[in-house]
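These are the residues of each chain, in order.
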Amino acid sequence: MEDMIYTLQDYMLHTESITYIIMGISLICVVGFWLFLTGTEED
Amino acid sequence: MVIFEGSLSHKAFHSKMDKTYLAEHEPLVFGYAKAAAMVLFGYFVVKLVGVAAGNHWHLLGTPYGIWFLVEVLGFVALPCFLFTIGSRDQNLGLIKFTAALSVIGIVLNRLNVSIIAFNWQKPLCERYIPSWMEVMLSIFMVTCLMLVFRFIVTRMPVFYEHPDFKEKHH
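Predicted model, so just to flag it, every value in this text is computed and none were measured. (Residues numbered from 1 in each chain as written. Chains lettered and ligands numbered in written order. Predicted model: local features only at pLDDT ≥ 70, side-chain atom pairs only at ≥ 80, totals over all residues.)

## So, unusual backbone geometry
With the exception of glycine, most residues fall at negative phi, and the peptide bonds are largely trans. Residue and element names in this part refer to chain B. Threshold: Note on conventions: DSSP H or I runs of at least 4 residues are helices, E runs of at least 2 residues are strands, and numbering of each starts at the N terminus. For every residue, the other C-beta atoms within 10 Å of its own C-beta are counted; 20 or more classify it as buried, 12 or fewer as exposed, and values in between as partly exposed. C-beta atoms are placed from the backbone.
Phi is positive for Asn55, close to 50°, though the residue is something other than glycine. Its place among the elements puts Asn55 in the loop between α2 (19-53) and α3 (63-89). Phi at Gln90 takes a positive value of approximately 55°, unusual for a residue other than glycine. A count of 15 C-beta atoms within 10 Å places Gln90 in the partly exposed class.

Listed below in structure tokens is the structure:
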């Protein structure tokens, strides 16, 4: 069932939730990306 | 931009460059490529967050949304990936190609903001389209900048150390 947005509170909760999830996933991904980027470098 | 400009300078002013400059060029390009990959990764996330914060997911299917995806995937995510591969494999040719792709992406982004998507809701006849004089003025300015750059690097010690000051390092 599709969630309906009736108030600004609903809208902010919806968009901020997705934004924070994306930011959290990105922070985890950036570590993996950095390790992949520098993976072939010698110490 | 620095990698792209450096590649052009290498083609045009190779004879002006001394051994130290040439020796330091490649490691510098690999360092820039790594930095560019990280910056593009961050920019991609910022773009994604921008769509999420405005709850604009439904607009991605529209013609302007698809054009936005072309810009973000083709000229941000793809250069990010190619810079990463170029940096990992120490592939100078790939990094130079990706640098040119990124410069095209920057130009495309500025055109999207200032011309293509500017006043997008109005009909085409009411939208801003630069006149030929504005285009010629832009070409003139870029040509002047290139001539000034050429004037400086052919007359001043930019790509080489001045013979009188070789011993005096700071």
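Now that the structure is up, let's keep going.
## Regarding α2 of chain B
Every α-helix winds through 3.6 residues per turn, so residues three or four apart in the chain are directed the same way. Stated precisely, the cut-off is as follows: What a helix should span is 1.5 Å times the count of its residues minus one. For a residue, the bend is simply the angle between two axes, fitted respectively to the seven-residue segment ending there and the seven-residue segment starting there. Two residues qualify as being in contact provided that their C-beta atoms, derived from the backbone, are within 7 Å of each other.
Helix length check: α2 of chain B (35 residues) gives 51 Å between terminal C-alpha atoms against 51 Å at 1.5 Å per residue, within 8%. If you look at α2 of chain B, its biggest bend is around 30°, right at His25 of chain B, and the proline Pro27 of chain B turns up within four residues after that. When we look at burial in α2 of chain B, the residues that qualify are Val29, Ala33, Lys34, Ala36, Ala37, Leu40, Phe41, Val51 and Ala52 of chain B. Taken together, the buried residues of α2 of chain B touch α1 (8-37) of chain A together with α1 (2-13), α3 and α4 (92-116) of chain B. Backbone geometry just downstream of α2 of chain B places Asn55 of chain B in the positive-phi region, at approximately 50°.

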